[in-house]
Amino acid sequence: MSVPKLEQLSKSVVQGPSLATGAIPTMDWMDVPVVFKPGNYAYPAKSEKVAYLDSQSGLNFPNSREWSPEDEDWKLPEDWKDIILKGLKERLDKFRSLKIFMDCCVRCGACADKCHFFLGTGDPKNMPVMRAELLRSVYRNDFTLGGKILGKMAGAREMTTAVLKEWFMYSYQCTECRRCSVFCPYGIDTAEVTMMLRELLHLVGVGINWILEPASNSNRTGNHMGLQPHTFKDNVEFLVDDVESLTGVRPNISFNRKGAEVLFITPSADVFAEPGLYTAMGYLTLFEEIGLDYTWSTYASEGGNFGLFTNNETMKKLNAKMYAEAKRLGVKYIIGGECGHMWRVIHQYMDTMNGPADFLEKPVSSITGTVFENAASTKMVHISEFTADLIKHGKLKFDKSRNSHVKATYHDSCNTARAMGLLDEPRYILDHVVDWVEMPENTIREQTFCCGSGTGLNTDEIMELRMRSGLPRANAVKYVHDKHDVNMLACVCAIDRATLTSLMDYWNPGVRVCGVTELVANALVLKDENRAELDDGLRTML
Ligand code: SF4
Ligand code: SF4
């Protein structure tokens, strides 16, 4: 899908039908229909992927078929409306948070201009308060007395196919980033409303391929690309070769090794695609230097949990796989790589879904003796926590000048920053390995702006939408690029590494994207190194 030239898109964002320009909506929002056209929706899930997921125990993905959002008839089941309303009732009974979010919004508007989709598209229905209203209006109609009696006057409306289509449009124009919830005085988490919308849509067979295909691959082969075990192993071994040729040190690795102390799980994107490959080379270099007793798994070969973007059951099933593998191998604990949504699942949902993981031990670093009390229940330590602890105990020797080709800034990934509070560890690491600066304060830490393409929206057919929703993030990078000559955007999330690369190429050419562990390995002075002249760190072509 082609994307308008930068000048055109910038002009459109400023002059488009945005409340920021004073344009006044001429119709009640309920009367504005959604119009699907190429470029404004992600492709529907392939029939065979839906059927496969539906055939798996504990999962429910009915109504597999070929369909298109542009068609009038979406080939819904005959009783689709009953299915949706029954599904909503079940979820209101099951999730107290949903009931609260449906009832307590006072429409103060504090969240309205905090969403990157609203800022980039100017579409009022992309204001978080409105996004939740798409569901709330149906809730009022069928589950509240006021809505039943007063109807539209009370903000209620009936569930119709037009409403369902609107849900599809706007639940896939939300990256579940939770930035809006930071500003809501009641703590309403619109991301969870979006999650419910997507769950309800799946009940009638409405979902997108860029989520359901990776989810099905993850369930089938252990990683979202569907890499077979031998391919996964080959890829990691290629990276071992690369590290050896650059540093003179060959990392020792093992796969599926029973009795290892640690199971290491990272997003599979790190072992098969740039720029994540360099982050994976960073892990290999780091673990070799400290002599960590660890193993990779070719079965739990994906940290990212695409179930988070579909429904609770799929999220639970994919999360369980990592722990089943840890149990099978008899490791003491798990170290997790640089991933975003993997960590959201671990920190926010794992314990009530699959935990506590009592068959593992409370993580203790065999290198420093540090007990990771924060991981006492999940038994999983983030690589940034692990590395920061190594640095604090003087276990790593750095030569910062090895990163002299880099002037970095740091993007807080939504999930690690807002969902798990991982704010200081990556910064502490960067302080030791590279020259870097912060972006403006209302765009970092808890207030970080999303990359614009998370939660399974990293797909090419909606590239213009992605460039629009990523604009607030790109704008903050542009500020430090212009002011401080920043040329590298560091982050701790594999989806970010993929999405921010496209975003920078579009809005800020010349700014590259990397994982924090890549910068760590660039600066690391290895005990037995025979290092080549690495002008571009681990990216140097010899
Ligand atoms: S900030 Fe919270 S209470 Fe205010 S409109 Fe948004 S969701 Fe509603
Ligand atoms: S969770 Fe993020 S993407 Fe979704 S409405 Fe809130 S700010 Fe927008």
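The model shown is predicted, which means the values in this text are computed figures rather than measured ones. (Residues numbered from 1 in each chain as written. Chains lettered and ligands numbered in written order. Predicted model: local features only at pLDDT ≥ 70, side-chain atom pairs only at ≥ 80, totals over all residues. Heavy atoms only, no water.)

The tally for this structure, following the rule as stated, stands at 17 aromatic pairs. With a centroid separation of 5.2 Å and an interplanar angle of 90 degrees, the aromatic rings of Phe264 and Trp296 are classed as edge-to-face. Here Trp296 lies in the loop between strand 2 (294–295) and helix 15 (312–329) and Phe264 lies in strand 1 (residues 262–265), a separation of 32 residues in the sequence. Considered together, Phe264 and Trp296 belong to a single accessibility category, that of buried residues. Of the aromatic side chains, those joined through ring pairs into one cluster are Phe36, Tyr41, Trp67, Trp74, Phe168 and Tyr172. Against the face of Phe449 rests Arg179, its NZ or CZ located 3.7 Å from the ring centre. In this structure, Lys327 packs its charged tip against the face of Phe359, placed 5.1 Å from the ring centre. (Phe/Tyr/Trp six-rings, centres within 6.5 Å; stacked < 30°, edge-to-face > 60°. Helix = DSSP H or I, 4+ residues; strand = E, 2+ residues; numbered from the N terminus. Buried < 20%, exposed > 50% of the residue type's maximum accessible area, 1.4 Å probe, protein only. Lys NZ or Arg CZ within 6 Å of the ring centre and 35° of its normal.)

What follows covers the sheet that holds strand 1. Read across the open sheet, the 4 strands follow the order 2-1-3-4; overall the sheet is parallel. What marks the edges here is a single partner per strand, and that holds for strand 2 and strand 4 (380–382). Inspection of the sheet shows strand 1 paired to strand 2 by 2 bridges, in the parallel sense. Bridge pairing in strand 2 links Val262 to Tyr294. Along the sheet, helix 15 makes contact with strand 1, strand 2, strand 3 (333–336) and strand 4, crossing strand 1 at roughly 150 degrees. Helix-sheet contacts for helix 16 (residues 341–353) involve strand 1, strand 3 and strand 4, and the interaxial angle to strand 4 is about 135 degrees. (Pairing = 2+ DSSP bridges. Contact = heavy atoms within 4.5 Å. Axes fitted to C-alpha atoms, helices over the stretch in contact; angles between N-to-C directions.)

What follows is about the site of ligand 2. Taken together, 13 residues lie near ligand 2, and Cys115, Cys174, Cys177, Arg178 and Cys180 sit nearest. Secondary structure elements with two or more residues in the shell around ligand 2: helix 5 (116–121), helix 6 (128–143) and helix 10 (190–202). Considering only residue class, the shell around ligand 2 consists of 7 nonpolar, 3 polar and 3 charged. (Near = heavy atom within 4 Å. Nonpolar A, V, L, I, M, F, W, Y, C, P; charged D, E, K, R; others polar.)

In this section: the packing of helix 19 (residues 424–433) against helix 23 (residues 516–523). Their axes nearest at 9 Å, the elements helix 19 and helix 23 cross at an angle of 30 degrees. Of the possible angle classes, the one that applies to helix 19 and helix 23 is roughly parallel. The two elements helix 19 and helix 23 meet at a crossing, and its hand is left-handed. Of helix 23, the residues touching helix 19 (which contributes Ile429, Leu430 and Val433) are Val516, Leu519, Val520 and Ala523. A class-by-class count of the residues in the contact of helix 19 with helix 23 yields 7 nonpolar, no polar and no charged. (Parallel < 35°, antiparallel > 145°, perpendicular 65-115°, else oblique. Left-handed = near helix turned anticlockwise from the far one by under 90°.)

Taking strand neighbours across the sheet as the criterion, the 4 strands line up as 6-5-7-8 in an open arrangement whose pairing is parallel. In this open sheet, the two edge strands, each paired with only one partner strand, are strand 6 (436–437) and strand 8 (512–515). Summarising the sheet, strand 7 (residues 488–491) and strand 8 pair through 4 bridges and their orientation is parallel. Each residue of the ladder has a partner; that of Leu489, found in strand 8, is Val513.

For the rest of this paragraph, the subject is the nonpolar core. Where a protein is soluble and globular, its nonpolar side chains tend to be buried together. Ranked by internal contacts, the top residues of the largest apolar core, which has 77 residues, are Phe287, Trp296, Tyr323 and Phe386. Ranked by the residues each element gives to this core, the list is headed by helix 14 (residues 276–290), at 9 residues. Ignoring any residue separated from it by four or fewer positions in sequence, one finds Phe287 in contact with Phe264, Leu292, Tyr294, Ile383 and Phe386. (Core = buried A, V, L, I, M, F, W, Y, C linked by side-chain atoms within 4.5 Å.)

For the rest of this paragraph, the subject is the site of ligand 1. Neighbouring residues of ligand 1: Cys105, Val106, Arg107, Cys108, Gly109, Ala110, Cys111, Val129, Cys184, Pro185, Tyr186 and Ile188. Its residues assigned to classes, the shell around ligand 1 shows 10 nonpolar, 1 polar and 1 charged.

All right, on to unusual backbone geometry then. A cis geometry characterises the amide bond from Glu274 onward to Pro275, with omega recorded as -5 degrees. With respect to the secondary-structure elements, Pro275 resides in the loop between helix 13 (269–272) and helix 14. Cis geometry marks the peptide bond from Gly355 to Pro356; its omega dihedral reads -10 degrees. Topologically, Pro356 is positioned in the loop between helix 16 and strand 4. In this structure, Asp485 is a non-glycine residue whose phi angle is positive, near 60 degrees. Relative to the helices and strands, Asp485 is located in the loop between helix 21 (471–484) and strand 7.

This structure, assessed with the given rule, holds 37 salt bridges. One salt bridge connects Asp293 with Arg257, and the closest N-O pair in it is separated by 2.8 Å. One end of the pair, Asp293, is in the loop between helix 14 and strand 2; the other, Arg257, is in the loop between helix 12 (229–247) and strand 1, with 36 residues separating them in the sequence. Judged by its relative accessible area of 31%, Asp293 is partly exposed. (Salt bridge = Lys/Arg side-chain N within 4 Å of Asp/Glu carboxyl O.)

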